[in-house]
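Listed below are the residues making up each chain.
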Amino acid sequence: MRLIITDKNVGHLAAFFVKERMAAAKPTENKNFVLGLPTGSTAIDMYKSLIELYRRKEIYFDNVTTFNLDEYVGLPEDDKESYHTFMYENFFKYIKIDKKKINIPNGNAPDLIKEGEEYEEKIAKAGGLDLFIGGLGENGHVAFNEPYSSLSSITRDKQLDKNTIIANSRFFGNDPTKVPKTAMTMGMQTILNAKEVLLLVTGEKKALALKHLVEGAISHAWPATVLQMHRKLVVIVDEASCNELTLKTYRYFKRLKDEFSHIYA
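This section reports on the structure supplied with the text. Note that this is a predicted model, so its numbers are computed, not measured. The numbering scheme is per chain: residues are counted from 1 as the chain's sequence reads. Residues qualify for local features only when their pLDDT is at least 70, as the model is predicted, and side-chain atom pairs are given and counted only at 80 or more; totals for whole chains, interfaces and linings, by contrast, use all residues. To obtain the side-chain values, all non-hydrogen atoms of the structure were used and water was disregarded.

### Notes on the overall build of the chain
Alright, step 1. For helices the rule is a DSSP run of H or I covering at least 4 residues; for strands it is a run of E covering at least 2, with both sets numbered from the N terminus onward. Looking only at helices and strands, the chain features eight helices and 10 strands.
Alright, step 2. Computation of the radius of gyration draws on C-alpha atoms alone. For the globule rule, the value is 2.2 Å times the number of residues to the power 0.38. The C-alpha atoms of the chain give 17 Å as radius of gyration, which agrees with the globular expectation for 265 residues (18 Å, within 12%).
Alright, step 3. By its C-alpha atoms, the chain is 50 × 40 × 35 Å across when sized along the principal axes.
Alright, step 4. Across the 265 residues in the chain, those meeting the buried criterion constitute 52%.
Alright, step 5. The Shrake-Rupley method, run with a 1.4 Å probe sphere, supplies the accessible areas, and residue values consider only the shown protein chains as cover. When the accessible surface of the chain is split by element, carbon and sulfur atoms take 50% of a total near 12500 Å².
Alright, step 6. Of the side chains in the chain, 36 bear a positive and 35 a negative charge, and the two mean positions are spaced by 5 Å. A simple rule labels every residue: compare its accessible area, found with a 1.4 Å probe on the protein chains alone, to the largest value its type can have, and call it buried under 20%, exposed over 50%, or partly exposed in between. Here the positive residues are Lys and Arg and the negative ones are Asp and Glu; neither His nor the chain ends is included. Lys charges are placed at NZ, Arg charges at CZ, Asp charges at CG and Glu charges at CD.

### What to know about the environment of histidine 212
Alright, step 1. Residue placement: histidine 212 occurs in helix H7 (residues 207–215).
Alright, step 2. It is 7.9 Å that separates the C-alpha atoms of histidine 212 and glycine 140, two residues lying 72 residues apart in sequence.

### Structural notes on the sheet that holds strand E10 (residues 233–238)
Alright, step 1. Sheet architecture is open: seven strands sit in the order E1-E10-E9-E6-E2-E3-E5, paired in parallel fashion. Looking at the sheet topology across the chains shown, the edges are occupied by strand E1 (2–6) and strand E5 (102–103).
Alright, step 2. When DSSP finds at least two bridges between two strands, those strands are taken to pair. With five bridges joining them, strand E9 (residues 197–201) and E10 adopt parallel strand pairing. Across the sheet, leucine 199 pairs through a bridge with valine 235, a residue of E10.
Alright, step 3. Against the sheet, H7 contacts E1, E9 and E10, and its axis sits at roughly 150° relative to E10. It only takes one pair of heavy atoms within 4.5 Å for two residues to be counted as in contact. Structural elements are reduced to axes, namely lines fitted to C-alpha atoms, with helices fitted over the stretch in contact, and the angle between N-to-C directions of any two is expressed from 0 to 180 degrees.

### Points about the packing of helix H2 (residues 41–55) against helix H3 (residues 83–90)
Alright, step 1. The interhelical angle for the contact between H2 and H3, taken along N-to-C directions, is 35°, at an axis separation of 10 Å. Here Ile44, Tyr47 and Ile51 of H2 lie close against H3, whose contacting residues are Phe86, Met87 and Asn90.
Alright, step 2. Taken together, the residues of the contact of H2 with H3 break down into five nonpolar, one polar and no charged. Ten residue types, Ala, Val, Leu, Ile, Met, Phe, Trp, Tyr, Cys and Pro, are classed as nonpolar, four, Asp, Glu, Lys and Arg, as charged, and the remainder, Gly among them, as polar.

### Some words on the nonpolar core
Alright, step 1. We define the nonpolar core as a collection of buried residues of types Ala, Val, Leu, Ile, Met, Phe, Trp, Tyr and Cys that are connected through side-chain atoms lying within 4.5 Å of one another. Counting 44 residues, the largest nonpolar core has Leu50 and Phe91 as its most contacted members.
Alright, step 2. When contributions to this core are tallied by element, the ones reaching two or more residues are helix H1 (10–25), strand E2 (33–37), H2, H3, strand E6 (131–135), E9 and E10.
Alright, step 3. Top contributing element to this core by residue count: H1, with eight residues.
Alright, step 4. Those residues in contact with leucine 50, other than ones at most four positions away along the chain, are Ala15, Val18, Ile59, Phe61 and Phe91.
Alright, step 5. By size, the runner-up hydrophobic cluster in this structure holds 35 residues, among which are Met188, Val201, Trp222 and Leu227.

### Some details on H3
Alright, step 1. Residues Tyr83, His84, Thr85, Phe86 and Met87 constitute the buried set of H3.
Alright, step 2. Buried residues belonging to H3 abut E2, H2, strand E3 (64–68), strand E4 (70–72) and helix H5 (162–168).

Written as structure tokens, this is what we have:
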């Protein structure tokens, strides 16, 4: 694990990290770079920076295939709070990318088990995820893998935790009853299978979850902790999210910051 503690915009740094990894991979028409993409406020900052890089012709998405992490079950794709809408309004409509290469789970599929299995097959057919990008929930979830999720899970429908529903109610007029209770989500094994994982963590509310991820034991009570097993995990965080880390841990990762100074643009 590498923890990048920054006083800069986390989403902005993530965009340059993506740019670097894509450039190193040199994707082609026959060998696309495969991205796992998130939603959320920090993701918006990343997408804004990626769009700006695209406008400056510093990054291209012609040879990129994307797989979104999750989608609500039962919410129409054109609903303003669906992740289909989120992705198109915040990213896809601003860049040139083949729509056939955009993949988002279908939360309205007649058979959700089959939808999950087929989503896994699509990822495998694309060559697997080269880079998974995600956030960290206050309760330690990644994508919608809530506490006590199987750490070997794959894409499937998952009932949302009460805390997640309350946290997401801010997008639904602060009314938890309007938040879908189930979502399609990549599983923890799906994420572990990615060649590289990048997590973005901001704010004091995420501090306890970050402490468990960095310093805690692997536990399905905090699903993100299984990512300690990943061979290439990078976590970009702000100072506020580090409030629960021990001083020794904090200082250790601060000293490693220079290893990633090349992504600071």
